[in-house]
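# Summary of the model geometry
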Amino acid sequence: MNKTRALLILIGLALLGFFAYGYSFFTRIQTIPTPQNVVKTSSHRTLKSVNASYLEADTLFLNRDYSEAIKKYNKALDDVTSLNAEIFIKYQIAGATLNLGDRVKAAQLFKDIVDNPKYTDDDPTVKKAKAAAIGMMIRVFYQTSEKAVSDIIFSGKPFEDFAKEAGGNIDDTILHLAEYASSLSSPPEVIIEARIADLYAIKVYNLKKKGNLSEDEKKKVEQYENMVKEKIAFINTLYDNAQNYYQYSKEQSLPIVLRLKGAAVGSLTAVGDGDASLGNPEEIFQQALAVAQPPWTRTMTSLDYAVFLAAAYGQERRDDIDSLLQDFYNPPTGSEYAPETLLVNERDNPTHKTSAFRIIASASPKFKALLAKFGWKF
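Residues numbered from 1 in each chain as written. Predicted model: local features only at pLDDT ≥ 70, side-chain atom pairs only at ≥ 80, totals over all residues. Heavy atoms only, no water.

### What about the overall build of the protein?
A count of helices and strands for the protein gives 21 helices and 0 strands. Considering only residue pairs separated by 6 or more positions, the protein has 63% of its internal contacts joining residues 24 or more positions apart. For the protein, the accessible area works out to roughly 18,200 Å², and carbon and sulfur atoms hold 53% of it. (Helix = DSSP H or I, 4+ residues; strand = E, 2+ residues; numbered from the N terminus. Contact = heavy atoms within 4.5 Å. Areas by Shrake-Rupley, 256 points an atom, 1.4 Å probe, with all protein chains shown as cover.)

In structure tokens form, the structure reads like this:
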């Protein structure tokens, strides 16, 4: 063997040893059992590998056979030994119930996860599950503004106190609830932070549109704007990592996170408080719509996009607004969500969406006629 060849072999062996050590070191670093890594353990992946009933239920859920999925999920509960796995399966049952259209029962099932004394608050994974369940409760309510749902959510301590603190304002009550959920887990659920950003941005919009602000109101505007920017910065840092969603539910949550981010930035932009660092609302909404999502999620994304266009541009963007609202004009069949239900409930149990619908109506005669059809008065 000549000297050159021998030298090359020695160099190759040295490099191999170096990369082997580097891989070993990196692997050890990645698997150090820190509290965050404990939170990121996926019951979903584990259950699919060890629980045959759960695997069947998951397949049925993905195929939108929610009734059969619930049966299999309940059967899967018989074989779990982990508290976290039990909570996750109950979370899936609540989600399947929601997709069947029974929002009241779904809200109760999510609430049971939060209220169950068996699920102690000292486990970080349980805390994350409770925060995610609260996020779903909020989502269930805002889908249709159903009073029976809000009555369930705000029963018992500390939830009834949130309503008292808000003086009966449902959006402020929801904001208190979202902030409570944010405090439960570290880091907070990304979707909860997006919800908080949206609700504070609506406060800014309402105050700025009112005009003639007092000094106290000006301070509030500044405070709320700073909160929106803080939450948006948090979202931008964490939204693209599946580990920052409960049980890796990024696929389900991402379009909603982007929608709420777009709505928050859009509210500020529509009253001249847009900040280039926060992004362009239209680009954010288009990013949200480009993500794979169920039809009812897409409907809500399109709705919030239409609200922004109406608030920022009025009748100038009427055609784009009407295009986005096709699911309201021609409700899709076979969807788990009926847009007209929201129009009826919002008429009788108003949230911030009441103002949003009126903003759209001011820019779109077609949407105004649709609201009138459902008994709205102008």
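### A short note on the side chain of Asp 322
Take Asp 322: it is sitting in helix α17 (residues 318–324). A distance of 2.6 Å separates the side chain of Asp 322 from the side chain of Ser 364, its partner in a polar contact. In this view, Asp 322 contacts Tyr 329, Ser 364 and Lys 366; residues no more than four positions away in its chain are not counted. (Polar contact = N/O pair within 3.5 Å; in protein donor to acceptor, adjacent residues only side chain to side chain.)

### Observations concerning unusual backbone geometry
The step from Lys 157 to Pro 158 runs through a cis peptide bond, and the omega angle for that step is -5°. Summarising the element assignment, Pro 158 is placed in the loop between α9 (147–153) and α10 (159–165). For the bond running from Ser 186 to Pro 187, omega is -5°, close enough to zero to count as cis. On the secondary structure map, Pro 187 appears in the loop between α11 (170–184) and α12 (190–210). Positive phi values are uncommon outside glycine, yet Arg 64 reaches one of about 65°. Along the chain, Arg 64 falls in the loop between α4 (52–62) and α5 (66–77). Non-glycine residue Ser 145 carries a positive phi angle of around 55°. Secondary-structure assignment places Ser 145 in the loop between α8 (124–144) and α9. Residue class for Ser 145 comes out buried when judged on its relative accessible area of 0%. (Buried < 20%, exposed > 50% of the residue type's maximum accessible area, 1.4 Å probe, protein only.)

### Points about the environment of Ala 181
Note on placement: Ala 181 falls in helix α11. For the pair Ala 181 and Ile 192, spaced 11 residues apart in sequence, the C-alpha separation works out to 7.2 Å. Setting aside chain neighbours within four positions, we find Ala 181 in contact with Ala 131, Ile 134 and Ile 192.

### With respect to the packing of aromatic side chains
Following the criterion strictly, the structure yields 17 aromatic pairs and no others. Ring plane angle 65° and centroid distance 6.5 Å describe the contact between Phe 61 and Tyr 73, whose orientation is recorded as edge-to-face. In this pair, Phe 61 is assigned in helix α4 and Tyr 73 in helix α5, connecting sequence segments 12 residues apart. Judged by its relative accessible area of 12%, Phe 61 is buried. Between the aromatic rings of Phe 285 and Tyr 305, the centroid separation amounts to 5.1 Å while the plane-to-plane angle is 10°, which identifies the pairing as stacked. Placement of the pair is Phe 285 in helix α15 (residues 281–290) and Tyr 305 in helix α16 (residues 295–313), with a sequence separation of 20 residues. The same class applies to Phe 285 and to Tyr 305, which are both buried. Sitting over the face of the ring of Tyr 239, Lys 261 holds its NZ or CZ atom 5.9 Å from the ring centroid. (Phe/Tyr/Trp six-rings, centres within 6.5 Å; stacked < 30°, edge-to-face > 60°. Lys NZ or Arg CZ within 6 Å of the ring centre and 35° of its normal.)

### So, helix α7 (residues 103–115)
Taking 1.5 Å of rise per residue, the 13 residues of α7 would be expected to cover 18 Å, and the 18 Å separating its terminal C-alpha atoms lies within 8% of that figure. Looking at the buried residues of α7, the elements they touch are α6 (83–99), α8, α9, α10 and α19 (339–348). (Expected span 1.5 Å × (residues − 1).)

### Remarks on the packing of α19 against helix α20 (residues 352–363)
Where α19 meets α20, the closest approach of the two axes is 9 Å, and the angle between their N-to-C directions is 110°. On the basis of their axis angle, the class for α19 and α20 is roughly perpendicular. Where α19 crosses over α20, the handedness of that crossing is left-handed. The segment α19 lies against α20, with Leu 342, Leu 343 and Glu 346 engaging His 352, Lys 353, Thr 354 and Phe 357. Residue classes in the contact of α19 with α20 are distributed as 3 nonpolar, 2 polar and 2 charged. (Axes fitted to C-alpha atoms, helices over the stretch in contact; angles between N-to-C directions. Parallel < 35°, antiparallel > 145°, perpendicular 65-115°, else oblique. Left-handed = near helix turned anticlockwise from the far one by under 90°. Nonpolar A, V, L, I, M, F, W, Y, C, P; charged D, E, K, R; others polar.)

### Focus: the environment of Ser 277
Tracing the chain through its elements places Ser 277 in the loop between α14 (250–270) and α15. Separated by 44 residues in the primary sequence, Ser 277 and Ala 233 have C-alpha atoms spaced 9.4 Å apart.

### With respect to α19
Those residues of α19 not exposed but buried are Pro 339, Leu 342, Leu 343, Asn 345 and Glu 346. Residues of α19 that are buried make contact with α8, α16, α18 (326–329), α20 and α21 (365–373).

### So, the packing of α12 against α14
Working note: a packed helix pair is described by the angle between its axes plus the distance between those axes. In contact at an axis separation of 8 Å, α12 and α14 are set at 20° when each is read in the N-to-C sense. In terms of orientation, α12 lies roughly parallel with respect to α14. Both α12 and α14 take part in a crossing whose hand is left-handed. Touching Val 190, Ile 191, Ala 194, Arg 195, Ala 197, Asp 198, Ala 201, Ile 202, Val 204 and Tyr 205 of α12 are Ser 253, Ile 256, Val 257, Leu 260, Ala 263, Ala 264, Ser 267, Leu 268 and Ala 270, all from α14. Of the residues contributing to the contact of α12 with α14, the split by class is 15 nonpolar, 2 polar and 2 charged.

### Let's talk about the side chain of Thr 173
As for its position among the elements, Thr 173 is in helix α11. A polar side-chain atom of Thr 173 sits 2.8 Å from the main-chain carbonyl oxygen of Asn 169. Filtering out sequence-adjacent residues up to four positions away, Thr 173 remains in contact with Phe 154, Phe 162, Ala 163 and Ala 166.

### As for the pattern of salt bridges
Evaluation of the coordinates by the stated rule reveals 20 salt bridges. In this structure, Lys 147 and Asp 151 form a salt bridge, with 3.2 Å as the shortest nitrogen-oxygen distance. Of this pair, Lys 147 and Asp 151 both sit in helix α9, 4 residues apart, which is roughly one turn of that helix. A cluster of three or more residues bridged by salt bridges with shared partners is formed by Glu 86, Lys 90 and Lys 118. (Salt bridge = Lys/Arg side-chain N within 4 Å of Asp/Glu carboxyl O.)

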